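If you want the building blocks of each chain, they are given just below.
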Amino acid sequence: MTSNGPPNPLVVENVVKKFGERRAVDGLTLSIEPGEIIGLLGPNGAGKTTLIRAIVGLSRVSSGTVRVFGHDPVADRRVRAQIGYMPQDLAVYPDLSVRENVAFLAGLRTASGRPDPDDVDRALDAVDLSERQDDLLRDLSGGMKRRASLAATICGSPGLLLLDEPTSGVDPALRLQLWDLFRDLASRGGSILITTHHIAEAEGSDRVVFLRDGRTLATGEPQSLLDRYNAPDLERAFLHAMRDGR
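Within each chain, residues carry numbers counting from 1 in the order of the written sequence. Local features in this predicted model are restricted to residues whose pLDDT is 70 or higher, and side-chain atom pairs enter the listing and the counts only when it is 80 or higher, whereas totals over whole chains, interfaces and linings include all residues. Hydrogen atoms and water are omitted, and side-chain values are computed over all heavy atoms in the structure.

Regarding helix α7 (residues 234-244)
For an α-helix the count is 3.6 residues per turn, leaving residues at separations of three or four pointing the same way. Where we set the bar: The buried label applies to any residue whose accessible area, calculated with a 1.4 Å probe on protein chains only, is under 20% of its type's maximum; exposed applies above 50%, and partly exposed to all values in between. By definition, any uninterrupted DSSP run of H or I lasting at least four residues is a helix, any uninterrupted run of E lasting at least two residues is a strand, and each is numbered from the N terminus. Think of the arc as the fan of directions from the helix axis to the C-beta atoms. N or O atoms closer than or at 3.5 Å make up a polar contact, with two conditions inside protein: a donor-capable atom paired with an acceptor-capable one, and, for residues adjacent in sequence, both atoms drawn from side chains.
Those residues of α7 that fall on the buried side of the exposure criterion are Leu 234, Ala 237, Phe 238 and Ala 241. Seen along its axis, α7 keeps its buried residues to an arc of 100 degrees; they face one direction. Turned more than 90 degrees from where α7 packs its buried face, Leu 239 and Arg 243 sit exposed. Two to three positions downstream of the cap, the backbone nitrogen of Glu 235 sits 3.2 Å from a side-chain oxygen, assigning the N-cap of α7 to Asp 233. Backbone geometry just downstream of α7 places Gly 245 in the positive-phi region, at approximately 70 degrees.

This is the structure:
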């Protein structure tokens, strides 16, 4: 936590998550500041999605602590209203319209179950789907479905966004547009944790965490990691970190 003022959006301390004898997350510690974008990078099985599920409160950790705005997301379900979670496998409904999807999914975070219509409008505009809001999800491209899921995630401006592979399967132009949106959200005080297989794109993060086997290999600002490993890009820096085991 910060020494003064409100608690950090996210503090993870010495978290272990076991499945039987296997440690999917192994002693992980990280925190995120208001307005910060953290890129969480690692291969399949590194523990990224497992960690996010614990932060959302969908999974109880085996040991260690997770605090979202100072609260345990498992014990205090109310804090989940401050979390926008976009899962890797899109949770959208093909027989509902774009707007109905956004309103329903965003409404799950509200006490009434109904988000402010103005918030829905702003979210649709942010992902450039206002003109398609009455279209059924099943009639949209994969990239548009992903944008609809993102609109539901950011609707109402939750303070902490957890985006699990948000740019998976989208074309390079849309990937750049989405990162422009992420930076805009952060500039207005939102805190964002992003997992991605596209390691190079994480250079747009304020800070990067390399994961392997549920452990932190390295963390720092993108340029500091490039300098540390004398690498031209984050992909090569990650490979060096994997080789060095640090």
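Still more ground to cover, so stick around.
Some thoughts on the layout of surface pockets
Here is the rule we go by: Here the term cavity refers to a set of points on a 1 Å grid, laid over the protein atoms alone, in which a 1.4 Å probe fits but cannot get out; the term pocket refers to an open set having protein on both sides within 12 Å along at least five of seven lines, with lining residues being those that place an atom within 4 Å of a point. Grid points are joined across faces, edges and corners, and a volume is the space filled by probe spheres set on the points. Note on residue classes: Ala, Val, Leu, Ile, Met, Phe, Trp, Tyr, Cys and Pro are nonpolar, Asp, Glu, Lys and Arg are charged, and everything else, Gly too, is polar.
Put simply, the largest pocket is a space of about 560 Å³. What lines the largest pocket is a set of 22 residues, and nearest its centre among them are Ile 83, Tyr 85, Leu 105, Leu 108 and Arg 109. Looking at the lining of the largest pocket, the elements with two or more residues in it are β5 (83-86) and α4 (142-154). In the lining of the largest pocket, the residues fall into 13 nonpolar, four polar and five charged.

Re the pattern of salt bridges
The condition is simple: Salt bridge, as applied in this entry: a Lys or Arg side-chain nitrogen positioned within 4 Å of an Asp or Glu carboxyl oxygen.
Scanning the model with the defined rule gives 13 salt bridges in all. The partner of Asp 135 in a salt bridge is Arg 132, and the shortest N-O contact between them spans 2.4 Å. In this structure Arg 132 comes out as partly exposed when scored by relative accessible area, which is 29%. Arg 175 is the salt-bridge partner of Glu 201, the closest N and O atoms lying 3.4 Å from each other. In this pair, Glu 201 sits in the loop between β7 (191-196) and β8 (207-212) while Arg 175 sits in helix α5 (residues 172-187), placing the two residues 26 residues apart along the sequence. One network of salt bridges, in which partners are shared, links Arg 23, Asp 26 and Arg 215.

Remarks on the sheet that holds strand β6 (residues 160-164)
Strand-to-strand pairing in sheets goes through backbone hydrogen bonds, with the strands running parallel or antiparallel. Put simply, the rule is: In this description, strands pair whenever DSSP reports at least two bridges between them. A fitted line through C-alpha atoms represents every axis, and for helices the fit uses only the stretch in contact; the resulting angles, taken between N-to-C directions, go from 0 to 180 degrees. Note on contacts: a residue pair is in contact if any heavy atoms of the two residues lie within 4.5 Å.
Spatial strand order, β5-β6-β7-β3-β8-β9: six strands in an open sheet with mixed pairing. Each having just a single partner strand, β5 and β9 (215-220) make up the two edges of the open sheet. Averaged over neighbouring strand pairs, the angle between their axes works out to 15 degrees when direction is ignored. Taken together, the five bridges between β6 and β7 define a ladder with parallel strand orientation. The residue bridging Leu 163 from the neighbouring strand is Ile 194, located in β7. On top of the sheet, α5 reaches β3 (37-41), β6 and β7; it is set at about 155 degrees to β7, its chief contact.

Observations concerning helix α1 (residues 48-56)
Of all nine residues making up α1, seven are buried, and the element is well covered by its neighbours. Taken residue by residue, α1 has Lys 48, Thr 50, Leu 51, Ile 52, Ala 54, Ile 55 and Val 56 as its buried positions. Downstream of α1 by one or two residues, Gly 57 has phi in the positive range, about 95 degrees.

Concerning unusual backbone geometry
Its identity as a non-glycine residue notwithstanding, Asn 14 has a phi of 50 degrees, on the positive side. Its place among the elements puts Asn 14 in strand β1 (residues 10-19).

Regarding the nonpolar core
The cut-off we apply is this: To define a nonpolar core, start from buried Ala, Val, Leu, Ile, Met, Phe, Trp, Tyr and Cys residues and group those joined through side-chain atoms within 4.5 Å.
Ranked by internal contacts, the top residues of the largest apolar core, which has 33 residues, are Leu 150, Ile 154, Leu 163, Phe 182 and Ile 192. Secondary structure elements with two or more residues in this core: α2 (98-107), α3 (117-126), α4, β6, α5 and β7. Considering each element in turn, this core owes the most residues, seven residues, to α5. What Leu 150 contacts, discounting residues up to four positions off in sequence, is Met 86, Val 127, Leu 163, Leu 178, Leu 181 and Phe 182. Membership of the second largest hydrophobic core comes to 24 residues, among which are Leu 28, Leu 30, Ile 32 and Ile 83.

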